[in-house]
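Inside the fold
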Amino acid sequence: MIKANIKSGFLCTVSVLLALYMSMVSCSDFFDTDPDTILKDEDYIKTQNEMYYGYLGIISALQNVADQAIYLTDTRADLLEPTVNASTELWDVYNYEDLSNNPYADPTKYYTLIIACNDFIYKMKEYKERVQDSMDEQGEVDFEALMAGAIRVKAWTYFALARIYGEAYYFDDPLTKIIDLQDGSTFVYLTTYKDIVNKCIEILDSVDHLDIDWGAWLDPEDPTNSEYALWQFITPDYKCLRSELCLARGADGDYEWVKEAMLSMLYAEFNTSNRRWRMGNMTSNTYPRFFSRNSFTEYMPVSTVFYDYEKNQTNGLINCFSEGGGAEYLLKPSVYGREKFNESGSGSLRTTTFFRNDDDHFSKFTGDRGGRTSVYQSDPPIQLYSSFDLHYMLAEALNHLGNWRECETILNNGLSNLFPSNTIDRTLGWDDMRWDIWIGRNVTPDTGIRGCLGVDAVELPMPTDPVYRITEEERQKIYDLALLDDMLMEFAGEGRAYGMMVRMAERYNDPAIIGDRVAPKYPIYEQGDIRTKIMNGDYYVKYDLANMSGEEDSQE
């Protein structure tokens, strides 16, 4: 159980030192982390422009936390293991040891981000009350969009706590004074994964979700300038986030909601783009750059955390996975995890991208960096949602709606291979007319998730098989686990795959889903112990909040 007093010395420090920018004169200054440009807590929000700067403070806090889940969860998943260079603390994470005092398990950065969101929301409400109707028309629209964005970041953060810790303290207060965690009027102790998921959906549903047009603020005279394209990805996408939460909850109507959300997103994009978000054939140029460069192909991202080492924004990815250039080289592929990729086709883009040079280095983020390999240049983007998420979540929802053929097709070889004439056979299902835009003579062929990467199709039982003796519930679980096994490969090293295992384990009340995939990574003499820990619920990190960094700080 989490327990602690959260002291204002820690919380005020992390809540006021947000990256809020007073005097940006060009796009090159945005996301600047120079302390001289930081606004203090008492200084904002006093002008309309400071609404935007304040929101960028939240994004700065998101940058600080985005790579923590990689160290904390991918070490406990099925692919990676520590190197001889790794510290005892990282080995303890890997071995499912007691993490009560472990710096990698410290949730401080997550709660820092929550406080940043709460502080921003509180200040925005104060500002709105003060100025009333004096904001211009664009400001009125952006006010609602920025507030919704802060809610989304907050929900995303709590969902991260659910996936990692399985428990959390929920609060809306900006915490500018000492408040004991036992104060039930401020803090709500959410004791289970499902409790947190339900709370995340509740706060998401409390506002209308608009997306800000950053170009209109950055350059009103040229808002569509491609220089601002990346800004549209900096906030967790509403439909993706709520869909992932719905898949985690699995209540009545949730799978229908996910299907509609994902289909509508893809349909809208396919109507305007011949390639974006389509599972067409990837190339050796586009796929690797998506993970390793900010100047990546625009066809795959949905929500992304960006960095720029020239503005002192870096993450730990180069340090973690590389050798040379000052990197520590802390994590590498396990033999067991590496062999999984061989089973999916040795010529696949996953294999050539993730293990670019050899089997001892995970090169997903480091293999195509254009010569930028030093630690101080570590700024690969970290994906929150990509085009792959849209297709996986759609397939998962379809599976639970009984649309097994659609699920199998999306996972494996796509509609273009099922319907080579570019005409959908309605006798096979596919009754929603929005499927029609997935195929055609003048669009990128839909070759499915595995097909577009050159990966062999996974065989799944189908109700049309000559011999078929399983129940619908059994079929759904088989399909779910096939999706999971593919997601574990696609999202390896991104800090997300472990949470997908947790989702399945919670859905079926079956920790063996995690144990079966993780324990074989360890030496034979350790596998039983690791599996026992997982089966006993230790797939959640146990951490005493009293040990959060900053707990012993003064109130000043």
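Residues numbered from 1 in each chain as written. Predicted model: local features only at pLDDT ≥ 70, side-chain atom pairs only at ≥ 80, totals over all residues. Heavy atoms only, no water.

Next up on the list: empty space enclosed by the protein. Counting across every chain of the model gives six cavities of 30 Å³ or more. Around the largest cavity, the lining comprises 18 residues; the ones closest to its centre are Ala69, Trp156, Arg163, Gly495 and Arg496. Going through the elements one at a time, helix 3 (68-73), helix 6 (137-165) and strand 8 (382-386) are the ones with two or more residues in the lining of the largest cavity. Each residue belonging to the lining of the largest cavity can be placed in one class, and the counts come to ten nonpolar, four polar and four charged. (1 Å grid on protein atoms, 1.4 Å probe; cavity = no way out; pocket = protein on both sides within 12 Å on 5 of 7 lines; lining within 4 Å. Points joined across faces, edges and corners; volume = space filled by probe spheres on them. Helix = DSSP H or I, 4+ residues; strand = E, 2+ residues; numbered from the N terminus. Nonpolar A, V, L, I, M, F, W, Y, C, P; charged D, E, K, R; others polar.)

Quick look at the pattern of salt bridges now. Scanning all chains against the criterion turns up 33 salt bridges. Among the ionic pairs, glutamate 494 bridges to lysine 364, the shortest N-O distance being 2.7 Å. Linking glutamate 494 in the loop between helix 19 (472-490) and helix 20 (497-507) with lysine 364 in the loop between helix 14 (349-354) and strand 8, this pair joins segments that are 130 residues apart in sequence. The buried category is assigned to lysine 364, whose relative accessible area is 1%. (Salt bridge = Lys/Arg side-chain N within 4 Å of Asp/Glu carboxyl O. Buried < 20%, exposed > 50% of the residue type's maximum accessible area, 1.4 Å probe, protein only.)

One way to put it is that helix 9 (residues 238-249) packs onto helix 15 (residues 387-400) with a least axis distance of 11 Å and a crossing angle of 35 degrees. In the packing of helix 9 onto helix 15, the handedness of the crossing is left-handed. For the pair helix 9 and helix 15, contact is made by Cys240, Ser243, Glu244 and Leu247 and by Leu390, Met393, Glu396 and Ala397, respectively. Tallied by class, the residues present in the contact of helix 9 with helix 15 amount to five nonpolar, one polar and two charged. (Axes fitted to C-alpha atoms, helices over the stretch in contact; angles between N-to-C directions. Left-handed = near helix turned anticlockwise from the far one by under 90°. Contact = heavy atoms within 4.5 Å.)

What follows concerns the environment of glutamate 81. Relative to the assigned elements, glutamate 81 resides in strand 2 (residues 80-82). Judged by its relative accessible area of 18%, glutamate 81 falls in the buried class. Separated by 251 residues in the primary sequence, glutamate 81 and lysine 332 have C-alpha atoms spaced 5.6 Å apart. With near-sequence residues (within four places) excluded, glutamate 81 lies in contact with Tyr94, Leu330, Leu331, Lys332, Pro333 and Ser334.

This next bit is on the layout of surface pockets. In this structure, the second largest pocket spans a volume of roughly 450 Å³. Lining the second largest pocket are 25 residues, with Arg152, Asp211, Gln232, Thr235 and Asp237 sitting closest to its centre. Taken together, the elements giving at least two residues each to the lining of the second largest pocket come down to helix 6, helix 9, helix 10 (254-270) and strand 6 (301-305). Looking at the lining of the second largest pocket, its residues break down into 14 nonpolar, five polar and six charged.

Strand 6 sits mainly inside the fold: five of its five residues count as buried. Note that strand 6 and strand 8 share four bridges and pair antiparallel. Bridge pairing in strand 8 places threonine 304 opposite glutamine 383. (Pairing = 2+ DSSP bridges.)

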